[in-house]
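Fold and contact review
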2 protein chains.
Amino acid sequence: MQSLQLDLGDRSYAIHIGSKLISRGDLITPLLEGKQILIVTNTTVGPIYLETLKAGLLESRADLEIEICILPDGEAYKDIAHLEKIWNRLLEAGFNRKATLLALGGGVIGDMSGFAAACYQRGVNFIQLPTTLLSQVDSSVGGKTGVNHPLGKNMLGAFWQPRLVLADTSSLQTLPKRELAAGMAEVIKYGLLGDSELLLWLETHIQGLMQGDEQLLTEAIARSCQCKATIVAEDEREAGQRALLNLGHTFGHAIETEMGYGQWLHGEAVAAGMWLAADLSRRLGWLEASDCERVEKLLKAAQLPVRPPKEMTVDQFLKHMAVDKKNIDGQLRLVLLEHLGKAKLHSLTELEELKACLNSALGKA
Amino acid sequence: MQSLQLDLGDRSYAIHIGSKLISRGDLITPLLEGKQILIVTNTTVGPIYLETLKAGLLESRADLEIEICILPDGEAYKDIAHLEKIWNRLLEAGFNRKATLLALGGGVIGDMSGFAAACYQRGVNFIQLPTTLLSQVDSSVGGKTGVNHPLGKNMLGAFWQPRLVLADTSSLQTLPKRELAAGMAEVIKYGLLGDSELLLWLETHIQGLMQGDEQLLTEAIARSCQCKATIVAEDEREAGQRALLNLGHTFGHAIETEMGYGQWLHGEAVAAGMWLAADLSRRLGWLEASDCERVEKLLKAAQLPVRPPKEMTVDQFLKHMAVDKKNIDGQLRLVLLEHLGKAKLHSLTELEELKACLNSALGKA
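Procedures and definitions
Residues numbered from 1 in each chain as written. Chains lettered and ligands numbered in written order. Predicted model: local features only at pLDDT ≥ 70, side-chain atom pairs only at ≥ 80, totals over all residues. Heavy atoms only, no water. UniProt positions renumbered as here; feature names shortened; annotations may be inferred. Helix = DSSP H or I, 4+ residues; strand = E, 2+ residues; numbered from the N terminus. Least-squares fit on C-alpha atoms with pLDDT ≥ 70 in both. Contact = heavy atoms within 4.5 Å. Buried area = accessible area lost by both parts, 1.4 Å probe. Salt bridge = Lys/Arg side-chain N within 4 Å of Asp/Glu carboxyl O. Polar contact = N/O pair within 3.5 Å; in protein donor to acceptor, adjacent residues only side chain to side chain. Nonpolar A, V, L, I, M, F, W, Y, C, P; charged D, E, K, R; others polar. Buried < 20%, exposed > 50% of the residue type's maximum accessible area, 1.4 Å probe, protein only. Arc of directions from axis to C-beta. Domains from an automatic or database assignment.

- An unreviewed UniProt entry lists chain A under the name 3-dehydroquinate synthase, with Marinospirillum celere given as the organism.
- Per its UniProt entry, chain A bears the Sequence similarities (unreviewed entry) comment "Belongs to the sugar phosphate cyclases superfamily. Dehydroquinate synthase family."
- Of chain A, the UniProt comment under Pathway (unreviewed entry) reads exactly: "Metabolic intermediate biosynthesis; chorismate biosynthesis; chorismate from D-erythrose 4-phosphate and phosphoenolpyruvate: step 2/7."

If you want it as structure tokens, here you go:
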């Protein structure tokens with residue numbers, strides 16, 4: 001087990017990464033305030049791990065009141081209606097503000113459980129048990145929670161930190177290859193935005209990682225979490241450099257929103273978005289063509305898309321990008337690359353280069 | 001204009017109390033981060049004050065983008081469905097995270113706007129413009145926001161502080177007498193729970209207050225806000241003594257929930273709840289019968305109910321009180337009175353006295 005700490009004063013917490021952590025109720029029960037637990041999971045992950053998790057918890061503390069909320073699986077259900085199902089479950093069970101939510105699943109379950117916890121009785125504790133690579137390296141760490149709205153992804157939410165993150169690497173062995181690739185997009189993102197050594201390491205080990213080598217995966221997760229923890233500790237509420245973690249996401253959110261949540265996996269949309277960010281950075285004179293080729297090669301080796309869906313139009317991109325949370329008073333702001341391993345937040349004063357980049361990527365120029 | 005400050009570090013804010021403050025856009029515009037403003041109001045208050053508020057804002061800063069969201073009036077609409085209407089309005093207008101919400105109305109509008117602001121893009125600023133006595137002395141100050149759920153009042157929400165509170169005392173001149181009385185219940189609450197001098201002052205001036213004397217009302221609002229600000233500054237997230245502000249509310253919420261939100265005004269339910277709290281305190285040996293008579297006399301002079309609705313049963317009270325946010329692991333906790341002017345949080349280890357108190361008040365014993 002590798003462990004690291006996210007330092008946020010009295011809201012600091014540990015991130016543990018290792019094999020079979022879902023059974024380690026002893027890591028969870030010391031952090032409970034009361035004895036009421038709601039496990040939130042989905043129809044895919046629940047049947048595989050629920051019994052192991054429950055047994056571990058009860059072995060560590062026999063008097064727990066454990067309730068379960070099972071949601072349908074997928075980004076398409078990350079909405080207010082399903083958030084209400086979690087709240088209904090908590091209220092039907094008569095749970096109080098000492099209750100703890102356990103999020104057992106991928107990023108959708110983690111984001112929704114965290115937001116549900118943030119708002120239930122004005123805030124109860126929650127713990128992340130991420131079971132996908134994407135959620136282990138990204139969404140479970142840092143306290144961003146939320147749901148989607150038909151007019152924009154993650155438009156409703158809260159900053160609400162978990163009390164603990166347990167990343168069980170064994171769960172990656174049963175993860176579909178497409179989801180492993182989607183998670184790898186976020187790992188590559190850390191290399192591109194802030195850690196050129198990680199980028200080199202990934203270029204060396206991408207084959208082994210994609211074959212599911214657990215030791216390499218543990219290393220990749222720990223390095224990714226460390227990169228994220230450092231940034232979040234300095235800028236919890238995204239007043240500044242935390243926005244750099246959104247590399248590829250402004251384009252990616254446009255793809256997800258336009259195609260309908262769940263058609264493109266989040267990581268796939270981010271992969272295409274990172275390539276667009278690299279290409280736009282080249283057009284602005286910061287990257288070389290060879291840098292873009294390196295990005296493209298690594299993404300392809302991770303079995304990720306490197307172009308946006310051909311059926312989308314430039315206008316659709318611009319429409320969705322106009323409501324991005326990073327924008328200020330109508331000014332479009334994008335995370336771009338100064339060089340490989342260093343991102344920067346850039347205000348686009350005019351849209352010509354962006355339109356050329358999108359037209360080219362969509363095969364329309 | 002009287003002014004005071006709520007001290008919460010970098011989330012501190014001013015509370016101004018005085019005549020015609022709704023027109024003072026110059027007090028608001030220096031606090032804006034961007035130029036986007038959504039005014040949230042209701043069908044009763046909107047027609048009276050919207051134009052004045054807008055004109056004052058635009059006079060102070062001409063380039064503002066002002067959008068309006070008008071909700072139906074009443075506690076019955078303080079729910080997730082109407083919260084979504086606010087979010088839809090923000091997203092349709094393409095508002096970003098520098099936008100500011102202005103809550104123009106009573107406690108329902110303030111609580112909902114604050115919660116909407118807390119969750120929109122994970123948190124935007126909001127400003128309170130309370131137009132009822134109840135919201136001026138209580139709900140607009142302290143950052144408790146939220147909506148009701150069919151299974152419990154204020155069960156969903158956030159701690160989210162406004163950037164400013166402007167309590168316009170002129171708005172009380174058009175307030176229905178029943179709502180003035182409901183607000184006076186919260187003023188009396190501050191006297192009972194922590195300020196025996198305020199209690200004496202109220203006993204002296206209750207007739208003038210109920211006749212709408214603006215000077216007396218300004219004094220009552222300022223003293224109430226000061227009492228609340230002191231408590232909130234010491235315990236923002238209700239880890240301890242902030243719970244004392246819930247005097248009468250555990251009983252009151254049971255009345256509101258059982259009767260259907262909006263049948264009994266919040267202040268009316270709290271008035272009956274404070275009498276129940278006083279009577280239970282007497283049964284536990286802390287108050288004298290003469291103390292309870294003083295409470296009853298003052299509440300009656302403020303034209304408030306002093307008994308719960310006769311159609312309710314003891315079991316209904318117990319059911320609703322069991323899900324109160326102050327409870328811990330099934331143990332019922334109530335704010336009771338050690339003496340007039342001093343409240344305490346009490347864990348009920350057995351229910352006999354409570355049942356006797358309720359049976360008697362409901363005319364069933």
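With respect to the UniProt feature "domain: 3-dehydroquinate synthase N-terminal" (unreviewed entry) in chain A
- When the UniProt feature table is mapped onto this chain numbering, "domain: 3-dehydroquinate synthase N-terminal" (unreviewed entry) sits at residues 69–181 of chain A.
- This span, residues 69–181 of chain A, is 34% helix and 30% strand, and a straight line between its end C-alpha atoms measures 28 Å.

Points about the relation of the copies chain A and chain B
- Once chain A is rotated about the relating axis by 180° and shifted along it by 0.0 Å, it coincides with chain B to within an RMSD of 0.0 Å. The operation mapping one copy onto its partner corresponds to a two-fold rotation axis.
- By residue overlap, the copies meet face to face through one surface: 100% of the interface positions of chain A are interface positions in chain B.

So, the interface of chain A and chain B
- Contact with chain A, which involves 38 residues of that partner, is made by 38 residues of chain B.
- Carbon and sulfur atoms make up 57% of the surface buried where chain A meets chain B, a total of about 3500 Å² over both sides.
- Scanning the region where chain A abuts chain B turns up 2 salt bridges.
- One salt bridge connects A:Arg97 with B:Glu238, and the closest N-O pair in it is separated by 3.5 Å.
- The interface formed by chain A and chain B includes 8 residue pairs in polar contact (both at pLDDT 80 or more).
- Mapped onto the side of chain A that touches chain B, the elements with two or more residues apiece are helix H3 (80–92), helix H4 (107–119), strand E7 (144–149) and strand E8 (152–159) of chain A.
- Classifying every residue of the side of chain A that touches chain B by side-chain character gives 15 nonpolar, 12 polar and 11 charged.

A few points about unusual backbone geometry
All names here are of chain B.
- Residue lysine 20 is not a glycine yet carries a positive backbone phi of 55°.
- Inspection of the secondary structure puts lysine 20 in the loop between strand E2 (13–18) and helix H1 (25–28).
- Phi is positive for glutamine 303, close to 60°, though the residue is something other than glycine.
- Relative to the elements of secondary structure, glutamine 303 occurs in the loop between helix H11 (289–301) and helix H12 (314–321).

Comments concerning helix H13 (residues 352–361) of chain B
All names here are of chain B.
- Listed as buried for H13 are Leu354, Cys357, Leu358 and Ala361. Each buried residue of H13 lies within a common arc of 95° when the element is viewed along its axis, so the set occupies one face.
- Tucked into the core, H13 has its buried residues touching helix H9 (249–259), helix H10 (266–283), H12 and strand E10 (333–339).
- Trailing H13 by a residue or two, glycine 363 shows a phi angle of about 70°, which is positive.

Section: the environment of B:Leu32
Residues and elements named next belong to chain B.
- By the secondary structure assignment, leucine 32 is in the loop between H1 and strand E3 (36–42).
- Look at leucine 32 and you get buried, because its relative accessible area is 11%.
- Separated by 66 residues in sequence, leucine 32 and lysine 98 have C-alpha atoms that sit 7.9 Å apart.
- What leucine 32 contacts, discounting residues up to four positions off in sequence, is Ile37, Arg61, Leu64 and Thr100.

As for the domain arrangement of chain A
All names here are of chain A.
- Assigned domains within chain A: domain 1 (2–174) and domain 2 (189–361).
- A separation of 26 Å is found between the C-alpha centroids of domain 1 and domain 2.
- Each partner contributes residues to the interface: domain 1 has 36 residues there, and domain 2 has 31 residues.
- Three residues stand out in domain 1 for area buried against domain 2, namely Val137, Lys153 and Phe159, and they jointly supply 21% of the buried area on that side.
- With its nearest N and O atoms 4.0 Å apart, the salt bridge here joins lysine 189 to aspartate 138.
- At the junction of domain 1 with domain 2, the criterion picks out 13 residue pairs in polar contact (both at pLDDT 80 or more).
- Put simply, the parts of the chain that give the side of domain 1 that touches domain 2 at least two residues each are strand E1 (2–6), strand E2 (13–18), helix H5 (133–139), E7 and E8.
- In terms of residue class, the side of domain 1 that touches domain 2 is built from 15 nonpolar, 15 polar and 6 charged.

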